[in-house]
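# Structural overview
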Amino acid sequence: MFAIYTYLIYKEVLVMYENIINRIIEAEDNAQDEISKAMMKSNDIISEAEKEAEEIKKSALDRAEKRMDKIEYVEQQASQYVINEAKKQHDETIAGYEKFYDEQHEKIEDEIFSRIIGE
């Protein structure tokens, strides 16, 4: 009878250990699931952050390109203005020389002629 009693206790202890082991395995499975979920979430966060960083970079480059286009336009306008003013001044100078020539060339020719001849 003692052997049966010992066997029953032994069997009950085994069932108890089996239950503990099953709970440990279940806890480990749950932990693995949580780790997998956390890793997936971490990867999603990293992926989203990389995507957002790329969008920020693209936006910054677009803004910089627009600013450079504006600066280039302003610089072109300024240089065209300087060129036009220089051309205008040049044309005015040439017109002044031509006017002077038209008005004075006969007088100058006569004066040169007089100096050469000695009158």
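First things first, this report covers the structure right here in the doc. (Residues numbered from 1 in each chain as written. Predicted model: local features only at pLDDT ≥ 70, side-chain atom pairs only at ≥ 80, totals over all residues. Heavy atoms only, no water.)

## A short note on the overall build of the chain
A tally of helices and strands in the chain yields 1 helix and 0 strands. Against the globule reference of 14 Å for 119 residues, the chain gives a C-alpha radius of gyration of 50 Å, more extended than a compact globule. Viewed in the frame of its principal axes, the chain has a C-alpha envelope of about 170 × 20 × 5 Å. Buried residues in the chain amount to 0% of all 119 residues. For the chain, the accessible area works out to roughly 11,600 Å², and carbon and sulfur atoms hold 59% of it. Computed over 16 positive and 29 negative side-chain charges, the separation of the two mean positions in the chain equals 6 Å. (Helix = DSSP H or I, 4+ residues; strand = E, 2+ residues; numbered from the N terminus. Rg over C-alpha atoms; globule rule 2.2 N^0.38 Å. Buried < 20%, exposed > 50% of the residue type's maximum accessible area, 1.4 Å probe, protein only. Areas by Shrake-Rupley, 256 points an atom, 1.4 Å probe, with all protein chains shown as cover. Lys, Arg positive; Asp, Glu negative; His and termini not counted. Charge placed at Lys NZ, Arg CZ, Asp CG, Glu CD.)

## Quick word on the pattern of salt bridges
Inspection of every chain in the model, using the stated rule, returns 4 salt bridges. The salt bridge partner of Glu 34 is Lys 37, with a shortest N-O separation of 3.9 Å. Of the two residues, Glu 34 and Lys 37 both sit in helix α1 (residues 2-117), 3 residues apart, roughly one turn of that helix. Overall, the relative accessible area of 49% leaves Glu 34 in the partly exposed class. Between Lys 58 and Asp 62 there is a salt bridge, with its nearest N and O atoms 3.2 Å apart. Taken together, the residues Lys 58 and Asp 62, both in helix α1 and 4 residues apart, mark about one turn of the helix. (Salt bridge = Lys/Arg side-chain N within 4 Å of Asp/Glu carboxyl O.)

## Some remarks on a nonpolar patch on the surface
Residues Met 16, Tyr 17, Ile 20, Ile 21, Ile 24 and Ile 25 make up a contiguous nonpolar surface patch of roughly 580 Å² in combined accessible area. One can find Ile 25 in helix α1. (Patch = residues over 30% accessible without salt bridge, like charges linked within 9 Å, V, L, I, M, F, W, Y side chains within 5 Å.)

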